[in-house]
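Descriptive analysis of the structure
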Protein chains: 2
Amino acid sequence: MYFVYNLVMVESNLDKAAPESGSEELQVLRTSSLTGVLERELQNLILTGNLKPGQKLNEIKLSERFGVSRGPLREATRALAARGLVDFFPNRGVFVRSIPFDEALEIYDVRAAVFGLAGRLLVDLVTDDMLTKLYGFVDTMDALARDKHFESYYPVNLEFHQFLIGSTRHKTLQTEYNHLVNKLHLCRAKALVQPGSLALSNREHREMVDSLASGDKLRSQEAFFRHVERAKRRLQAALKETENASFGAE
Amino acid sequence: MYFVYNLVMVESNLDKAAPESGSEELQVLRTSSLTGVLERELQNLILTGNLKPGQKLNEIKLSERFGVSRGPLREATRALAARGLVDFFPNRGVFVRSIPFDEALEIYDVRAAVFGLAGRLLVDLVTDDMLTKLYGFVDTMDALARDKHFESYYPVNLEFHQFLIGSTRHKTLQTEYNHLVNKLHLCRAKALVQPGSLALSNREHREMVDSLASGDKLRSQEAFFRHVERAKRRLQAALKETENASFGAE
DNA sequence: GTTTTGTAAATTGTCAACAATATTGTCCAA
DNA sequence: TTGGACAATATTGTTGACAATTTACAAAAC
């Protein structure tokens with residue numbers, strides 16, 4: 001048997017033409033080809049850091065590791081290359097993409113724009129329940145930042161952002177946003193944020209929720225936008241600091 | 001011989017590690033694999049409409065047409081699938097993606113956000129020369145709209161937008177923006193804009209340039225954003241009209 | 001000691017054959 | 001005629017083999 005479908009195939013009343021792309025079952029099937037599985041598997045390895053930026057993906061070794069031939073593997077890496085997670089160099093091989101600082105900063109800009117759109121859209125979608133939940137997130141993070149529980153802060157922070165993005169009910173926005181965040185994982189200097197900036201960052205979170213409550217679309221868009229832009233600035237500052245530090249150490 | 005390189009290979013002083021992704025020569029080489037050529041070729045066929053949304057890409061016929069085997073062709077289609085230009089259905093084949101209206105509207109939203117970012121960034125980059133050039137575009141379009149030279153309007157309109165995006169000197173923005181625009185080409189109802197809205201649209205263009213001249217980032221971002229959102233609204237309206245028309249015709 | 005050069009090994013690029021699945025068309029029965 | 005089983009065909013999925021290229025390494029030249 002060639003494929004192991006994750007879900008049972010549903011009866012499809014498709015005519016010969018292209019199936020309507022909105023069809024949910026087929027989206028599931030689509031991810032179930034061997035190539036699709038490999039693509040997801042490799043993406044996980046990359047995003048979890050098992051495959052590190054700059055590392056080479058050896059076709060033979062990987063195909064042996066997964067127990068498949070090189071064909072589907074190459075198709076999977078081509079897909080990852082198209083999505084910017086790996087680099088393809090003819091006759092040299094495939095390498096996990098290593099995103100330089102300049103590009104990371106650019107990604108922050110686009111991410112800010114998309115996140116700002118989320119803020120703008122959410123004004124029309126926000127409910128009282130959502131607001132209390134959001135303020136709950138912010139209060140929790142305030143407490144964690146005050147007590148310096150840095151390890152606990154990040155998961156809550158992530159959940160907060162994911163809840164916001166998910167609440168937009170805007171598939172394209174969600175997809176694009178996640179792609180941008182994924183790419184930022186491939187930047188070496190991602191984990192340079194200093195603990196002191198946590199309280200600062202959370203003040204921005206509160207302003208974001210306040211702006212949602214205010215019902216002012218422009219204010220909300222700008223609050224969301226600036227939050228990401230300031231995160232960018234914080235990374236930039238941390239970067240400069242380590243540069244100076246390493247310069248002083250020489 | 002396997003490859004026909006577009007440019008001669010330049011001497012590369014690379015160590016064994018992954019080549020720095022910024023290196024320009026390698027970017028050129030990267031596009032020169034057989035798969036890369038096929039990918040570009042297929043993309044052209046799709047974006048020019050030679051391959052229409054919903055149409056099937058037969059592997060055998062295409063491989064014969066291009067004189068290559070199915071392997072590289074499949075890799076190329078996988079890359080296109082990852083970029084959302086085609087749909088992959090296991091055991092059924094590859095189809096040119098047909099973007100439904102709902103998704104097209106969503107794409108307009110994200111495009112508005114990215115275009116708004118362009119407006120925000122350009123405030124800091126705009127020069128007097130650019131402003132006169134931009135006003136020139138707007139004046140030209142005003143004249144063409146007044147004289148109802150609709151065929152001539154669109155190329156100028158396109159050039160105007162491309163000039164703006166290109167002037168940002170922001171690679172990530174440019175890439176993302178172009179991807180979004182490409183995707184919109186795959187929506188059946190793209191060419192429904194009514195001639196009457198041209199003058200309206202160009203009024204927004206003038207406001208965009210005015211806002212750039214004003215030096216007000218927020219105003220500029222909002223002007224750029226709203227221009228795309230209004231284009232979306234115009235498409236929406238045109239869509240509803242044809243719906244009513246076909247409904248009335250029944 | 002360093003650089004260059006040439007050969008062997010490893011790796012990537014491509015192809016063609018085969019297996020599995022989907023599609024088409026035909027025959028038969030109701 | 002219509003509808004369903006069934007065979008024939010077409011198409012996709014996967015694999016392994018071979019060609020071309022790069023890389024690694026050792027020997028020779030400076």
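Residues numbered from 1 in each chain as written. Chains lettered and ligands numbered in written order. Predicted model: local features only at pLDDT ≥ 70, side-chain atom pairs only at ≥ 80, totals over all residues. Heavy atoms only, no water.

**A look at the overall build of chain A**
Secondary structure summary: chain A contains ten helices and three strands in total. Secondary structure elements in chain A, listed N-terminal to C-terminal, are α-α-β-α-α-β-β-α-α-α-α-α-α. Put simply, chain A has 250 residues, and 48% of those count as buried. With the model as given, the accessible surface of chain A reaches about 13000 Å², and the carbon-plus-sulfur share is 53%. (Helix = DSSP H or I, 4+ residues; strand = E, 2+ residues; numbered from the N terminus. Buried < 20%, exposed > 50% of the residue type's maximum accessible area, 1.4 Å probe, protein only. Areas by Shrake-Rupley, 256 points an atom, 1.4 Å probe, with all protein chains shown as cover.)

**Regarding the pairing of strand β2 (residues 86-89) of chain A**
All names here are of chain A. Residues of β2 alternate between two faces, with V86 and F88 on one and D87 and F89 on the opposite face, all of them buried. Sheet topology note: the β2/strand β3 (residues 93-96) ladder contains four bridges and is antiparallel. Bridging from a neighbouring strand, F88 pairs with V94 of β3. Adjacent in sequence and paired antiparallel, β2 and β3 are bridged by three residues, among which N91 carries a positive phi angle near 65 degrees. (Pairing = 2+ DSSP bridges.)

**What to know about the pattern of salt bridges**
Two side chains carrying opposite charge are able to pair once their charged atoms lie near each other. Tallied over the full model, the rule gives 30 salt bridges over all chains. In this structure, the salt-bridge partner of A:R70 is A:E59, at a minimum N-O distance of 2.9 Å. Here A:R70, found in helix α4 (residues 70-82), pairs with A:E59, found in helix α3 (residues 59-66); they are eleven residues apart in sequence, far enough to count as distant. Between B:D124 and B:K217 there is a salt bridge whose closest N-O contact spans 3.0 Å. Pair noted here: B:D124 is in the loop between α5 (101-122) and α6 (128-146) and B:K217 is in helix α10 (residues 217-249), with a separation of 93 residues, a long-range link. Residues joined by salt bridges that share partners form a network here, namely A:E59, A:R70, A:R74, A:R78 and B:E75. (Salt bridge = Lys/Arg side-chain N within 4 Å of Asp/Glu carboxyl O.)

**Here's the deal with the side chain of B:K183**
Secondary-structure assignment places B:K183 in helix α8 (residues 171-184). Despite its burial, B:K183 remains without a salt bridge, the nearest opposite charge being carried by A:E176 at 4.6 Å. With residues near it in sequence (within four places) discarded, B:K183 still touches B:R83, B:G84, B:I99 and B:I107. (Lys, Arg positive; Asp, Glu negative; His and termini not counted. Contact = heavy atoms within 4.5 Å.)

**Description of the packing of aromatic side chains**
Aromatic ring pairs are reported here in terms of the distance separating the ring centres and the angle at which the planes meet. Residues and elements named next belong to chain A. As enumerated under the stated definition, the model contains twelve aromatic pairs over all chains in all. When the centroid spacing of 5.9 Å and the interplanar angle of 70 degrees are considered together, the rings of F137 and F160 count as edge-to-face. Of this pair, F137 sits in helix α6 (residues 128-146) while F160 sits in helix α7 (residues 150-167); the two residues are 23 residues apart in sequence, bridging distant segments of the chain. Of the two residues, F137 and F160, neither departs from the other in class, the shared state being buried. (Phe/Tyr/Trp six-rings, centres within 6.5 Å; stacked < 30°, edge-to-face > 60°.)

**Some remarks on the sheet that holds strand β1 (residues 56-57) of chain B**
Strand pairing in a sheet relies on backbone hydrogen bonds. The paired strands run either parallel or antiparallel. Strand order in this open sheet of three strands is β1-β3-β2 (chain B), and the pairing throughout is antiparallel. For this open sheet the edge positions go to β1 and β2 (86-89) of chain B, each flanked by a neighbour on one side alone.

**Details of the confidence of the model for chain A**
Per-residue pLDDT for chain A averages 85, and the proportion of residues at 70 or more is 83%. Within the model, pLDDT remains below 50 along residues 1-31 of chain A, and this stretch shows 42 contacts once partners closer than five positions in the same chain are excluded. (pLDDT = per-residue confidence, 0-100.)

**Considerations on unusual backbone geometry**
A positive phi angle, near 55 degrees, is found at A:R169, a position not held by glycine. With phi around 60 degrees, B:K148 is a residue other than glycine that occupies positive phi space. In this structure, B:K148 sits in the loop between α6 and α7 (150-167).

**Some details on the sheet that holds β2(A)**
All names here are of chain A. Judged by pairing direction, the sheet is antiparallel, and its three strands sit side by side in the order β1-β3-β2 without closing on themselves. Two strands bound the open sheet, and with one partner strand each, they are β1 (56-57) and β2. Where β1 lies against β3, two bridges are found, and the strand directions are antiparallel. Pairing of K56 across the sheet is with F95, part of β3.

**Quick notes on helix α2 (residues 34-47) of chain A**
With 14 residues, α2(A) should reach 20 Å at 1.5 Å per residue; the first-to-last C-alpha distance of 20 Å fits that figure. Summarising the contacts, the buried residues of α2(A) are in contact with α3, α4, β2, β3 and α8 (171-184) of chain A together with α4 (70-82) of chain B. Note on α2(A): the residue one or two positions beyond its end, A:G49, has a positive phi of about 90 degrees. (Expected span 1.5 Å × (residues − 1).)

**A few points about the nonpolar core**
With 117 residues, the main nonpolar core has A:F160, A:L164, B:F160 and B:L164 as its most contacted residues. In this structure, A:L164 is in contact with A:F115, A:L122, A:L134, A:M208, A:L212 and A:F224, ignoring residues within four places of it in sequence. (Core = buried A, V, L, I, M, F, W, Y, C linked by side-chain atoms within 4.5 Å.)

**Details of the packing of α8(A) against α5(B)**
As a packed pair, α8(A) and α5(B) sit with axes 8 Å apart at the nearest point and diverge in direction by 50 degrees. By the criterion of interaxial angle, the relationship of α8(A) to α5(B) is oblique. Residue-level inspection shows A:K171, A:T172, A:L173 and A:E176 of α8(A) in contact with α5(B), the latter providing B:E103, B:E106, B:I107 and B:V110. Classifying every residue of the contact of α8(A) with α5(B) by side-chain character gives three nonpolar, one polar and four charged. (Axes fitted to C-alpha atoms, helices over the stretch in contact; angles between N-to-C directions. Parallel < 35°, antiparallel > 145°, perpendicular 65-115°, else oblique. Nonpolar A, V, L, I, M, F, W, Y, C, P; charged D, E, K, R; others polar.)

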